[in-house]
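Given next are the chains, with one letter for each unit.
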Amino acid sequence: MSDDAFRRVVEYAPSAMVLVDGRGTMVLVNEQTERLFGYPRAELIGRPVDLLVPAGARAHHADFRHSFLSSPSPRPMGGGRDLFACRSDGSEFPVEIGLNPMDTGKGIMVLASIVDITERRRAQQVLEQALLEKTVLLNEVHHRVKNNLQVITSLLNLQASNANDPRVRDILNESQNRVRAMALTHQLLYERKDFSRMDLGDYLDRLAQLLRGAYRSGSNRVELTLERPEQPVYLDLERAIPCGLMVNELVTNAFKHAFPDPRRGDIVITLSCTDNDVVLGVRDSGVGLPQHFDFNAVKSLGLQLVPLLIDQLHGALRIVPGGGAHYRITFPAALSARGTS
């Protein structure tokens, strides 16, 4: 490219362009450089490029320049550090700088492209502040929801303690467990500060602890355990509550019906994950399901809820034959845009 054509390209570039020789002297600048730094062109040509560097950084700038010239290659300047330039009035402003070495036949020169990123920084700060405010708001929302659900649990507990009918007490206690399962979701979100997903293994572990406490009268005869993978299995918030409620209903049903006194046994919650699916199981070593068992024909509210909750998970249920009751639920690890509509 001829000198005249090169000068025109530099002159009409949208960013400030400064051509510096091997000694660090500015030999060519464009109009954008004049506007950005507030110097007329005549005051820049022949002056050291350090003139455009803040006073506090000039002592090291020569070392950086020599280091670049020792192995010149096109690259951004700074390597992750915040860079600032200095205007004629002494004010400093943040910049991005791209360095392009040029072999002129008379030595290496460097063409520097300089962009003022003040507005970008300001916009980024606004976004970061908005994100912080949103996070604080979500944190407060989950905290309040959790507290309100705990109030409902306390009211149900008070009502159950005043009920004379054992069947009514059982119904109220089961309702307490459902509310606790929902409250646990908001509790974990509040603790982890991640409002987009939760570790399903941690959630089921805490849920199992709640259920052990709820059925502590039979805990000496029945052992409830959780088998989970070492790696976390994440689930989106939309399906976390249906998943917890489903496990709550299946485990509750096992505690109530699988181990008539004085039978002993185990209830096991299993969690595993393939490339595309989450596999969740609840099995017990109890008396097993009635012959020709059908979810659609049961009268228990809890078991009536199970198919509805599995639909919310976009999953499928399989009852595994064998001793005791064994439910295996498979659902997508992540929902597609079509699946969430």
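For clarity, every value in this text was computed on a predicted model and none was experimentally measured.

So, how was this worked out
- Residues numbered from 1 in each chain as written.
- Predicted model: local features only at pLDDT ≥ 70, side-chain atom pairs only at ≥ 80, totals over all residues.
- Heavy atoms only, no water.
- Helix = DSSP H or I, 4+ residues; strand = E, 2+ residues; numbered from the N terminus.
- Rg over C-alpha atoms; globule rule 2.2 N^0.38 Å.
- Buried < 20%, exposed > 50% of the residue type's maximum accessible area, 1.4 Å probe, protein only.
- Contact = heavy atoms within 4.5 Å.
- Axes fitted to C-alpha atoms, helices over the stretch in contact; angles between N-to-C directions.
- Left-handed = near helix turned anticlockwise from the far one by under 90°.
- Nonpolar A, V, L, I, M, F, W, Y, C, P; charged D, E, K, R; others polar.
- Parallel < 35°, antiparallel > 145°, perpendicular 65-115°, else oblique.
- Pairing = 2+ DSSP bridges.
- Phe/Tyr/Trp six-rings, centres within 6.5 Å; stacked < 30°, edge-to-face > 60°.
- Lys NZ or Arg CZ within 6 Å of the ring centre and 35° of its normal.

Trainee: Teacher, can you tell me more about the overall build of the chain here?
Mentor: The number of helices and strands found in the chain is nine helices and 13 strands. Taking 341 residues into account, the globule formula puts the C-alpha radius of gyration at 20 Å, and the chain, at 34 Å, lies well above it. Based on the C-alpha atoms only, the size of the chain along its principal axes is roughly 100 × 40 × 35 Å. Counting the 341 residues in the chain, one finds 39% classified as buried. Nonlocal contacts in the chain, meaning residues at least 24 apart in sequence, comprise 57% of its contacts between residues at least 6 apart.

Trainee: In this structure, what is going on with the packing of helix α6 (residues 166-192) against helix α8 (residues 237-257)? I would like to understand it.
Mentor: Between two packed helices, both the angle of their axes relative to each other and the distance between the axes serve to describe the pair. Interhelical geometry of α6 versus α8 gives an angle of 145 degrees and a closest axis separation of 9 Å. Helix-helix and strand crossings are classified by hand; for α6 and α8 the assignment is right-handed. Counting all contacts with α6, which are made through Glu174, Asn177, Arg178, Ala181, Met182, Thr185, His186 and Leu189, the residues of α8 involved are Leu237, Ala240, Ile241, Gly244, Leu245, Asn248, Glu249, Thr252 and Lys256. Class assignment for the residues of the contact of α6 with α8 results in seven nonpolar, six polar and four charged.

Trainee: It is not clear to me how the packing of α6 against helix α7 (residues 200-214) should be interpreted in this structure. Could you clarify?
Mentor: Across the interface, α6 lies against α7 with an axial gap of 10 Å and an inter-helix angle of 140 degrees. Of the possible angle classes, the one that applies to α6 and α7 is oblique. Here α6 runs over α7; the crossing is right-handed. Here Asn177, Arg180, Ala181, Leu184, Thr185, Gln187, Leu188, Glu191 and Arg192 of α6 lie close against α7, whose contacting residues are Asp202, Tyr203, Arg206, Leu207, Leu210, Leu211 and Ala214. Of the residues in the contact of α6 with α7, the class split is eight nonpolar, three polar and five charged.

Trainee: In this structure, what is going on with the pairing of strand β10 (residues 265-273)? I would like to understand it.
Mentor: Within a regular beta strand, the side chains point alternately toward one face of the sheet and then the other, so they alternate between its two faces. Pairing geometry for strand β8 (residues 222-227) and β10, over six bridges, is parallel. Bridge assignment links Val222 to a residue of β10, and that residue is Gly265. The pairing of β10 with strand β11 (residues 277-284) spans seven bridges and is classified as antiparallel. Following the sheet pairing, Ile267 is matched in β11 by Asp284. Counting the residues that bridge the hairpin from β10 to β11 gives three residues.

Trainee: What is the right way to read the packing of aromatic side chains from this model?
Mentor: Here a ring pair, both rings aromatic, is described through the centre-centre distance and the interplanar angle of the planes. Enumeration according to the criterion identifies one aromatic pair in this entry. Note that Arg87 overlies the ring of Phe93, its terminal NZ or CZ placed 4.0 Å from the centroid. The residue whose ring lies beneath Arg197 is Tyr234, and the NZ or CZ to ring-centre distance is 3.7 Å.

Trainee: I tried to follow the sheet that holds strand β12 (residues 316-319) on my own but got confused; where do I start?
Mentor: The strands making up a sheet associate through hydrogen bonds between their backbones, and the pairing can be parallel or antiparallel. With mixed pairing, five strands are arranged side by side in an open sheet as β8-β10-β11-β13-β12. Of all strands in the sheet, those with a lone pairing partner are β8 and β12, marking the two edges. The mean inter-strand angle of the sheet, taken between neighbouring strand axes irrespective of direction, is 10 degrees. Two strands pair when backbone bridges link them, and β12 and strand β13 (residues 326-332) are joined in this way by four bridges, in the antiparallel orientation. Residue pairing for β13: Arg318 is matched across the bridge by Arg328. The strands touched by α8 are β8, β10, β11 and β13; relative to β13, the strand with the most contacts, the crossing angle is about 175 degrees.

The values are spatial; any link to function lies outside them.
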